[in-house]
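# Commentary on secondary and tertiary structure
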Amino acid sequence: MHTVKRNYRNGKAFAPLLLGAACLLASQTALAGVENTPDAASETLAGNYLAARFAKHTGDMDEAAGYLENSLTLAPKDQELLGEAHKILLIAGKADKAIVMAKKFLEQQHESVTASLLVALDAAQRGDYAQADRMLAKMNTTGFNGVLIPILHAWVKVGLGDAKAALTTIAKANGIDVFSPFVLYHTALIQEVTGDNPGAEKSFERAMEGASSVSLRMVEVVGNFYKREGKPEKADALYKKFSQGSTDVWFDGDEQFELMTRSGDTPIIADAKGGITEVLYGTSSILYSQDAVDDAYAFLQMALYLSPDFDKGWMILAKYYEDEERFAEAIQSYGHIAKESFLSWKAQLLSARDDYYVSGADKAIDELKKLAAERDKSHAPYLHISDILRKERRFGEAADYCLKAQERIHEIKSYHWPVLYSCGIALERSGRWDLAEKQFLKALELAPDQPDVLNYLGYSWLLLGKNTDKAKQMLEVALKKRPVDAQIVDSYGWALYHLGDYEGAQLFLERAIEIMPDDATVNDHLGDIYWRVGRTLEARYQWQRALVFDPDPDLKKSLEIKIREGLPKAPASGVIPPAPPLAQAEKN
């Protein structure tokens with residue numbers, strides 16, 4: 001299972017503004033004879049703006065914000081700069097400065113959802129809900145704003161002490177079905193905060209029934225509500241149901257839920273500020289799931305400005321940074337988590353794991369060993385150590401630590417399938433196939449038809465020449481469940497290749513390369529198929545491409561031989577024999 005990092009920026013929200021301003025400033029630069037140098041960028045309006053644009057394009061929002069601030073010292077009233085600056089500053093986590101720019105921008109009679117929200121947010125942060133009320137009442141409510149603005153406005157009404165108006169306002173949220181659980185969830189929170197607990201319970205349950213998947217955050221909030229209502233059995237049932245469907249390899253349900261509910265006497269969302277923070281956080285998650293990355297950052301930074309002690313927000317910000325491989329910033333975000341928070345333990349684990357990318361394997365492993373000693377019943381530290389060792393290709397040690405992690409689990413439950421899956425990979429890579437196979441089969445007992453496990457086990461059987469019909473069936477099931485997963489598409493194509501169906505294999509491998517063009521194994525496989533169908537020039541091209549994408553040493557050696565010598569003649573049967581013992585590249 002490859003983990004594909006989201007190392008890019010979604011610039012859709014700001015693209016028209018950037019294009020127009022960039023053309024204007026580029027012409028100014030040409031007329032002024034400005035050279036494209038750092039010194040020029042620090043001294044000219046055009047240079048600073050173009051430098052900001054480039055920094056934004058590469059994902060360095062801190063640098064982009066700095067260049068825009070420099071630009072505004074040269075042109076403090078420039079409407080294009082003000083319009084861009086308040087957004088970039090917000091994304092970079094400089095909400096206080098973003099608010100100043102937003103106010104200046106709105107003073108020029110411009111319209112901007114982000115600017116208006118920032119000013120309303122600033123008012124709420126100061127407790128001036130009357131001003132926030134006026135700002136939100138003027139805002140456009142088309143599209144997703146028709147969901148977002150009424151919910152925010154309802155919470156502002158809570159801040160004004162008007163419960164009836166709050167429920168009337170949230171009822172105006174437009175009827176986009178996919179967002180109904182989001183609206184119901186906040187309706188329940190408002191009902192609870194304003195004293196209607198029976199109504200809140202009904203709304204919570206309707207929200208969970210309508211959700212395509214219930215998040216850990218909703219489980220936390222609703223479980224907390226049930227505990228305080230004297231219904232611990234309902235909380236336990238909720239936790240159990242969530243645990244059974246969890247796919248998080250680091251999730252330890254019993255411990256997590258015990259920590260989560262330790263302070264069950266206190267509501268998680270207790271007032272208007274907490275409610276607004278929850279809206280902004282939830283909106284960020286929705287936008288991020290739709291690849292609107294910049295807007296997701298913006299809403300999350302608003303939430304953290306309003307509630308700097310919002311631990312869940314810092315956790316999610318760290319996750320965003322990790323997806324963009326900004327590990328030092330992720331570690332800083334984890335550092336904001338309060339020690340008494342139920343999230344503190346997980347933050348420490350993930351921070352130690354991320355330190356692998358910052359300080360190297362030895363330091364990260366030392367930190368994780370200390371955490372393992374501090375909490376001797378938790379399997380997670382050893383599992384993280386195993387993951388790091390596997391990345392370092394120290395497969396034997398990785399397998400040993402993964403098995404040590406399993407020893408700490410007093411009862412294997414359904415949500416532990418990822419632990420067995422991870423151990424299976426480490427054991428397979430260390431050459432202990434018999435043990436690895438047992439891990440994969442046990443994982444499938446816990447989570448039948450789980451695509452990742454089906455893919456890895458089916459692919460492994462295929463390369464061993466074992467259970468080939470069953471392996472193909474397993475890959476077909478995995479493909480049906482994940483038709484656009486490049487690794488599963490690749491595996492199925494590779495199954496067809498080994499069964500001698502080169503045309504079918506080519507179809508699937510070309511689809512896999514479209515989905516994930518920068519994977520060494522997929523390029524290698526497509527090269528092999530091209531060779532078998534007589535497209536030898538294209539085959540060598542794919543093998544050469546595979547070398548560019550950091551293949552493991554065994555694959556690199558194989559590629560170099562194939563580039564020189566090509567493939568041996570296929571057997572008369574057309575069935576390609578399996579590689580000796582498992583030659584598949586690591587998939588995580």
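Residues numbered from 1 in each chain as written. Predicted model: local features only at pLDDT ≥ 70, side-chain atom pairs only at ≥ 80, totals over all residues. Heavy atoms only, no water.

A word on the overall build of the chain. Looking only at helices and strands, the chain features 32 helices and zero strands. Within the span of the chain, comprising 588 residues, buried residues form 55% of the whole. (Helix = DSSP H or I, 4+ residues; strand = E, 2+ residues; numbered from the N terminus. Buried < 20%, exposed > 50% of the residue type's maximum accessible area, 1.4 Å probe, protein only.)

Take the state of the cysteines next. Enumeration according to the criterion identifies one disulfide in this entry. A sulfur-sulfur distance of 1.9 Å marks the disulfide that ties Cys 402 to Cys 423. Judged by the sign of its S-S torsion, about -100 degrees, the bond between Cys 402 and Cys 423 is left-handed. Of this pair, Cys 402 sits in helix H23 (residues 395-407) while Cys 423 is found in helix H24 (residues 417-429), placing the two residues 21 residues apart along the sequence. Taking relative accessible area as the criterion, Cys 423 reaches 1% and is therefore assigned buried. (Disulfide = S-S within 2.5 Å.)

Their axes nearest at 10 Å, the elements helix H25 (residues 433-446) and helix H26 (residues 451-464) cross at an angle of 145 degrees. In the crossing of H25 with H26, the sense of the turn from one axis to the other is left-handed. From H25, Trp 433, Glu 437, Phe 440, Leu 441, Ala 443 and Leu 444 reach across to H26, where they touch Val 453, Leu 454, Tyr 456, Leu 457, Ser 460, Trp 461 and Leu 464. Across the contact of H25 with H26, the residue classes tally to eleven nonpolar, one polar and one charged. (Axes fitted to C-alpha atoms, helices over the stretch in contact; angles between N-to-C directions. Left-handed = near helix turned anticlockwise from the far one by under 90°. Contact = heavy atoms within 4.5 Å. Nonpolar A, V, L, I, M, F, W, Y, C, P; charged D, E, K, R; others polar.)

Time to look at the side chain of Asn 145. Inspection of the secondary structure puts Asn 145 in helix H9 (residues 145-159). The exposure class of Asn 145 is buried, given its relative accessible area of 13%.

Spanning 14 residues, helix H29 (residues 502-515) covers 20 Å between terminal C-alpha atoms, matching the ideal 20 Å at 1.5 Å per step. Within H29 the residues assigned to the buried category are Tyr 502, Gly 504, Ala 505, Gln 506, Phe 508, Leu 509, Ala 512 and Ile 513. In this fold, the buried residues of H29 make contact with helix H27 (468-481), helix H28 (486-498), helix H30 (520-532) and helix H31 (536-548). (Expected span 1.5 Å × (residues − 1).)

Take helix H13 (residues 216-228) next. Under the 1.5 Å per step criterion, the end-to-end length of H13 is 18 Å for 13 residues, consistent within 8% with the ideal 18 Å. For H13, the buried fraction is high: eleven of the 13 residues fall into the buried class. If you check which residues of H13 are buried, you get Leu 216, Arg 217, Met 218, Val 219, Glu 220, Val 221, Val 222, Gly 223, Asn 224, Phe 225 and Tyr 226. Looking at the residues trailing H13, positive phi occurs at Gly 230, about 75 degrees.

Throughout the structure, instances matching the rule amount to 31 salt bridges. We note a salt bridge from Lys 231 to Glu 201, for which the minimum N-O separation is 2.8 Å. In this pair, Lys 231 sits in the loop between H13 and helix H14 (232-245) while Glu 201 sits in helix H12 (residues 197-210), placing the two residues 30 residues apart along the sequence. For Lys 231, a relative accessible area of 26% corresponds to the partly exposed category. One salt bridge connects Arg 326 with Glu 329, and the closest N-O pair in it is separated by 2.7 Å. Take Arg 326: its relative accessible area is 15%, and that puts it in the buried class. Each member of the salt-bridge network shares a partner with another, and the members are Glu 201, Glu 205, Lys 231 and Lys 234. (Salt bridge = Lys/Arg side-chain N within 4 Å of Asp/Glu carboxyl O.)

Glancing now at the nonpolar core. Leu 117, Trp 155, Phe 204 and Ile 276 are the most contacted members of the largest nonpolar core, which totals 96 residues. Ranked by the residues each element gives to this core, the list is headed by helix H17 (residues 293-306), at ten residues. Dropping the residues within four chain positions of it, Phe 204 is found in contact with Tyr 185, Ala 188, Leu 189, Glu 192, Val 221, Val 222 and Phe 225. (Core = buried A, V, L, I, M, F, W, Y, C linked by side-chain atoms within 4.5 Å.)

Turning to the packing of aromatic side chains, a few remarks are in order. For the structure on display, the rule yields 20 aromatic pairs. The interplanar angle of 10 degrees and the centroid separation of 4.0 Å between the aromatic rings of Phe 327 and Tyr 357 together place this pair among those described as stacked. Note that Phe 327 is positioned in helix H19 (residues 327-334) and Tyr 357 in helix H20 (residues 344-359), a separation of 30 residues in sequence. The partly exposed category is assigned to Tyr 357, whose relative accessible area is 38%. For the ring pair Tyr 497 and Tyr 502, a centre distance of 5.8 Å and an interplane angle of 45 degrees mean the geometry is tilted. Just as Tyr 497 is buried, Tyr 502 falls in that class too. Here the aromatic residues Trp 417, Tyr 421, Trp 433, Phe 440 and Tyr 456 are joined through ring pairs into a cluster of three or more. Taking the ring centre of Tyr 382 as reference, the NZ or CZ of Lys 404 above it sits at 4.6 Å. In this structure, Arg 429 packs its charged tip against the face of Phe 395, placed 4.9 Å from the ring centre. (Phe/Tyr/Trp six-rings, centres within 6.5 Å; stacked < 30°, edge-to-face > 60°. Lys NZ or Arg CZ within 6 Å of the ring centre and 35° of its normal.)

It is worth spelling out unusual backbone geometry at this point. With a phi angle near 65 degrees, Asp 449 is a residue other than glycine that sits in the positive phi range. Looking at the element boundaries, Asp 449 is found in the loop between H25 and H26. Assessed through its relative accessible area of 40%, Asp 449 is described here as partly exposed. Phi is positive for Asn 467, which is not a glycine, with a value near 50 degrees. The exposure class of Asn 467 is partly exposed, given its relative accessible area of 37%.

Following the sequence through the fold, Thr 536 ends up in helix H31. Given the relative accessible area of 33%, Thr 536 is considered partly exposed. Along the chain, Thr 536 and Leu 567 lie 31 residues apart, while their C-alpha atoms are 9.7 Å from each other. Those residues within four positions of Thr 536 in sequence are excluded, and the remaining contacts are Tyr 530 and Trp 531.

The geometry of H9 relative to helix H16 (residues 272-289) is characterised by a closest axis approach of 8 Å and an angle of 165 degrees between their N-to-C directions. Taken together, the axes of H9 and H16 are roughly antiparallel relative to one another. For H9 against H16, the interelement crossing comes out left-handed. Contact residues: Leu 148, Ile 151, Leu 152, Trp 155, Val 156, Val 158 and Gly 159 in H9; Ala 272, Gly 275, Ile 276, Val 279, Leu 280 and Thr 283 in H16. Partitioning the contact of H9 with H16 into residue classes produces ten nonpolar, three polar and no charged. (Parallel < 35°, antiparallel > 145°, perpendicular 65-115°, else oblique.)

Right, let's talk about the confidence of the model for the chain for a bit. Mean pLDDT over the chain: 83, with 79% of residues reaching 70 or higher. For the stretch residues 578-588, pLDDT sits under 50, and the model shows 39 contacts to residues farther than four places along the chain or on other chains. (pLDDT = per-residue confidence, 0-100.)

We now examine the environment of Ile 268. Along the chain, the position of Ile 268 falls in the loop between helix H15 (253-260) and H16. It is 8.5 Å that separates the C-alpha atoms of Ile 268 and Phe 225, two residues lying 43 residues apart in sequence. Residues within four places of Ile 268 in sequence aside, it is in contact with Arg 217, Glu 220, Val 221 and Asn 224.

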